[in-house]
Amino acid sequence: MLEHRVAFRRWSLVAVIAIVSAVAVWATSPRFTLDVPSLEDDWAAISESSDQLAELARFTNPEEQRFRPGWIAWNYLQWNTLDAPDGLVGPNLWNVVRMLVFVVGLTLLTALALPRPRRAWDVALFPVLAGLPSFLVLMVPKFSRDFARFGTQEPLLLGGMALGGSLLVLAGRSLLAGDRLLDRRRIAALTVAGGVLWLIGAYQKEASVCVLPLLAAVLFAGRARLTSWPRLSSGRRIGLAALGAIVLLPLMHVAVEIVRIASRGDIVYEAEVDSGRGIVRGVEVLYDWAHEVLSPDAHLVVYGAVALTVLAALIRRRLDVLAVGALAAGALTFLFAAQSGAAVSRYYMPLYALCAVALVLSLARLPRIVQLAALAWMLLAFVPPPGVREEVRVWTEEERPEGALVTSVAGLVDSGCTVSVGGLDVETHAALPVLVALERRPADTSCAQGSPYFVLGTGTHAATLTSTCAPNRLAHVLQGGESMGLYRCSRLRAEPVDDPLFGVVEPETLVALTRLRAPAAGY
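First, a word on scope: everything that follows refers to the structure included in this document.

Here is what the cut-offs are and how they apply
- Residues numbered from 1 in each chain as written.
- Predicted model: local features only at pLDDT ≥ 70, side-chain atom pairs only at ≥ 80, totals over all residues.
- Heavy atoms only, no water.
- Buried < 20%, exposed > 50% of the residue type's maximum accessible area, 1.4 Å probe, protein only.
- Helix = DSSP H or I, 4+ residues; strand = E, 2+ residues; numbered from the N terminus.
- Contact = heavy atoms within 4.5 Å.
- Axes fitted to C-alpha atoms, helices over the stretch in contact; angles between N-to-C directions.
- Parallel < 35°, antiparallel > 145°, perpendicular 65-115°, else oblique.
- Left-handed = near helix turned anticlockwise from the far one by under 90°.
- Nonpolar A, V, L, I, M, F, W, Y, C, P; charged D, E, K, R; others polar.
- Core = buried A, V, L, I, M, F, W, Y, C linked by side-chain atoms within 4.5 Å.
- Disulfide = S-S within 2.5 Å.
- Pairing = 2+ DSSP bridges.
- Polar contact = N/O pair within 3.5 Å; in protein donor to acceptor, adjacent residues only side chain to side chain.
- Phe/Tyr/Trp six-rings, centres within 6.5 Å; stacked < 30°, edge-to-face > 60°.
- Lys NZ or Arg CZ within 6 Å of the ring centre and 35° of its normal.

## With respect to helix 3 (residues 69-79)
- Within helix 3, 8 of the 11 residues are buried, which leaves the element mostly enclosed by the surrounding structure.
- Taken as a whole, helix 3 has its buried residues at Pro69, Gly70, Trp71, Ile72, Trp74, Asn75, Gln78 and Trp79.
- Buried residues belonging to helix 3 abut helix 2 (42-57), helix 4 (89-113), helix 7 (154-176) and helix 8 (184-202).

Printed below as a string of structure tokens:
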């Protein structure tokens, strides 16, 4: 009977993972229609990841204000394997792998943290509860956009550490079971796979150190198993010590790098270390912007996690340390993100995911009527998915005009046309030459001498470049989103123009000075 229950739980968990993973792929599938990398993040990964990885191999940090070697390694893998960077089949495939790591990791972490099922109801319910945290995260429309984007770090931060940590826990349980034969191959496989995933997650970004409260809770919850330490063989002790080193050393390394960055005074997004005052302001910014990211139902998940944790503690007269550890780790990630002073949707993902874990852990310890009521509410609130796929579709429609502009400019450049740029923001100005270099599609356009093309943004320099064109000779060719467009100047003006950067120059000179020059292959 016990073997049947164990088998049922395992296969139920596999089925839940398959269903949630299918939902994740379905929700982000509109991004498969894009055929040009994004002007946000993708271009930097394409052009910089190889050099950055080489610097990491020399044990140096390639970024002055960040420490994220796992993210750099993932960028290199995503943009230098399969058909990348010329095609997007490979990057899309790796993005699906990233989502699977997130879903499997969060589901397995929750399954291991749930209490041992005592009733047939628990055997049926707990696999469903285990899949809820990843499902709830995917049901936030803004998060679905973050999963669709290649450059978001939080999915691998959470997924890598959750899946890697879970595999290491399984290896540790085997080592602590001194009364059982040691399956060295299984333990080695769990350790290697778990260690790699843990490293990828822990090195995604500096916020990985926020896992410490959850780690402390795991150790406290597992203290009964740890009492077998004195009776273990030396080989098992060495193995457990190695597992501890795999978990703690990367976090210590990240902590040291955080101190180094903070000691220089400036951190990411030009924020400054100012004795914590920046965190207070950042929390206010994130709190005020939360309604833009989280729906009322998603807010209830966060509030419900705290409420049910308290309720379960009052009913049981004992705190669930794992639920409290998850809440504390989530709150710490929120404070960590607040230091940047910026508000973006992905900053809420770790807090929301860990609150969902705490919600499920507390729900598992409450009466059946509460469990049924909670599941019924979630079914009504999140099924069918509340606009998650539509959010990704809207994002792809925002990206598509920019990709079309990149393709058009690449064709003009390859046909020998002069293309000058002006008024673009800093990132777009740096990204355009990189992405143009990937496109090898000569345009069916003849470029007459003195008839340049302009890529104009909304910045001040756009007006100066526009003034080089004779009156009524500037024609709009293509709109590349809300912030830039492609124009053709059929004739330049004869008089000099006054540019704020180059001074008074001839129109031909300014066009030449601002001409787009795509980097050579290899960047």
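Here the narrative resumes.
## Let's talk about the packing of helix 5 (residues 120-138) against helix 16 (residues 368-382)
- Between helix 5 and helix 16, the least distance of the axes is 12 Å, while the angle of their chain directions is 40°. Overall, the two elements helix 5 and helix 16 adopt an arrangement that is oblique. As for how helix 5 packs across helix 16, the hand of that crossing is left-handed. Here Trp121, Leu125, Leu129, Leu132, Phe135 and Leu136 of helix 5 lie close against helix 16, whose contacting residues are Arg368, Gln371, Leu372, Leu375, Met378 and Phe382.
- When the residues that make up the contact of helix 5 with helix 16 are grouped by side-chain class, the tally is 10 nonpolar, 1 polar and 1 charged.

## Description of unusual backbone geometry
- Between alanine 84 and proline 85 the backbone carries a cis peptide bond, its omega angle lying at 0°.
- If you trace the backbone, proline 85 turns up in the loop between helix 3 and helix 4.
- Across the junction of valine 383 and proline 384, the peptide omega takes the value -5°, indicating a cis bond.
- Of note, proline 384 is situated in the loop between helix 16 and helix 17 (388-414).
- The phi angle at leucine 82 is positive, at roughly 55°, despite the residue not being glycine.
- Take leucine 82: it is sitting in the loop between helix 3 and helix 4.

## A word on the nonpolar core
- The biggest cluster of nonpolar side chains holds 96 residues, and the ones touching the most others in it are Leu114, Leu129, Val137, Phe143, Trp198, Tyr352 and Phe382.
- With 13 residues, helix 15 (residues 349-363) is the largest single contributor of residues to this core.
- With near-sequence residues (within four places) excluded, leucine 129 lies in contact with Thr110, Leu114, Val360, Leu363, Ala364 and Leu375.
- Within the second largest apolar cluster, 30 residues are counted, among which are Leu39, Leu432, Val436 and Val455.

## Focus: the packing of helix 4 against helix 7
- Contact geometry for helix 4 and helix 7: axes closest at 7 Å, N-to-C directions at 45°. Between helix 4 and helix 7, the crossing angle belongs to the class labelled oblique. The element helix 4 and its partner helix 7 pack so that their crossing is left-handed. Contacts between helix 4 and helix 7 involve Arg98, Val101, Phe102, Val104, Gly105, Leu106, Leu108, Leu109 and Leu112 from the former and Pro155, Leu156, Leu158, Gly159, Gly160, Ala162, Leu163, Ser166, Leu167, Val169, Leu170 and Arg173 from the latter.
- When the residues that make up the contact of helix 4 with helix 7 are grouped by side-chain class, the tally is 15 nonpolar, 4 polar and 2 charged.

## What to know about the state of the cysteines
- Under the defined criterion, the tally for this structure stands at 1 disulfide.
- With a sulfur-sulfur separation of 2.2 Å, cysteine 469 is cross-linked through a disulfide to cysteine 489. Between cysteine 469 and cysteine 489 the sulfur-sulfur dihedral comes to about 105°; the bridge is accordingly right-handed. Of this pair, cysteine 469 sits in the loop between helix 19 (461-466) and strand 3 (474-479) while cysteine 489 is found in strand 4 (residues 485-489), placing the two residues 20 residues apart along the sequence. Taken as a pair, cysteine 469 and cysteine 489 share a single burial class, namely buried.
- In this structure cysteine 355 is not part of a disulfide, and its nearest cysteine sulfur, from cysteine 210, lies 13 Å away.
- With a relative accessible area of 3%, cysteine 355 lands in the buried category.

## A few points about the pairing of strand 1 (residues 419-422)
- Along strand 1, one buried face is formed by Val419 and Val421 and the opposite face, lined by Ser420 and Gly422, is buried too.
- Relative to strand 2 (residues 453-456), strand 1 runs parallel, the two sharing 4 bridges. For valine 419, the partnering residue across the bridge sits in strand 2 and is tyrosine 453.

## Some words on the side chain of serine 228
- Mapped onto the elements, serine 228 comes out in the loop between helix 10 (223-226) and helix 11 (234-263).
- With relative accessibility at 10%, the residue serine 228 sits in the buried group.
- In terms of polar contacts, serine 228 uses its side chain to reach the backbone carbonyl oxygen of leucine 176, at 3.4 Å.

## A look at the packing of aromatic side chains
- Inspection of the entire model under this criterion finds 8 aromatic pairs.
- Seen in terms of ring centroids, tryptophan 74 and tryptophan 94 are 5.7 Å apart; in terms of plane orientation they differ by 80°. Their pairing is edge-to-face. Taken together, the residues span a long stretch of sequence, with tryptophan 74 in helix 3 and tryptophan 94 in helix 4 at a distance of 20 residues.
- Among the residues examined, tryptophan 74 registers a relative accessible area of 9% and is labelled buried.
- Given the relative accessible area of 22%, tryptophan 94 is considered partly exposed.
- Here the guanidinium or amino end of arginine 31 rests over the ring plane of phenylalanine 150, the centre of that ring lying 3.8 Å away.
- The ring of phenylalanine 220 carries the charged tip of arginine 223 above its face, separated from the ring centre by 4.1 Å.

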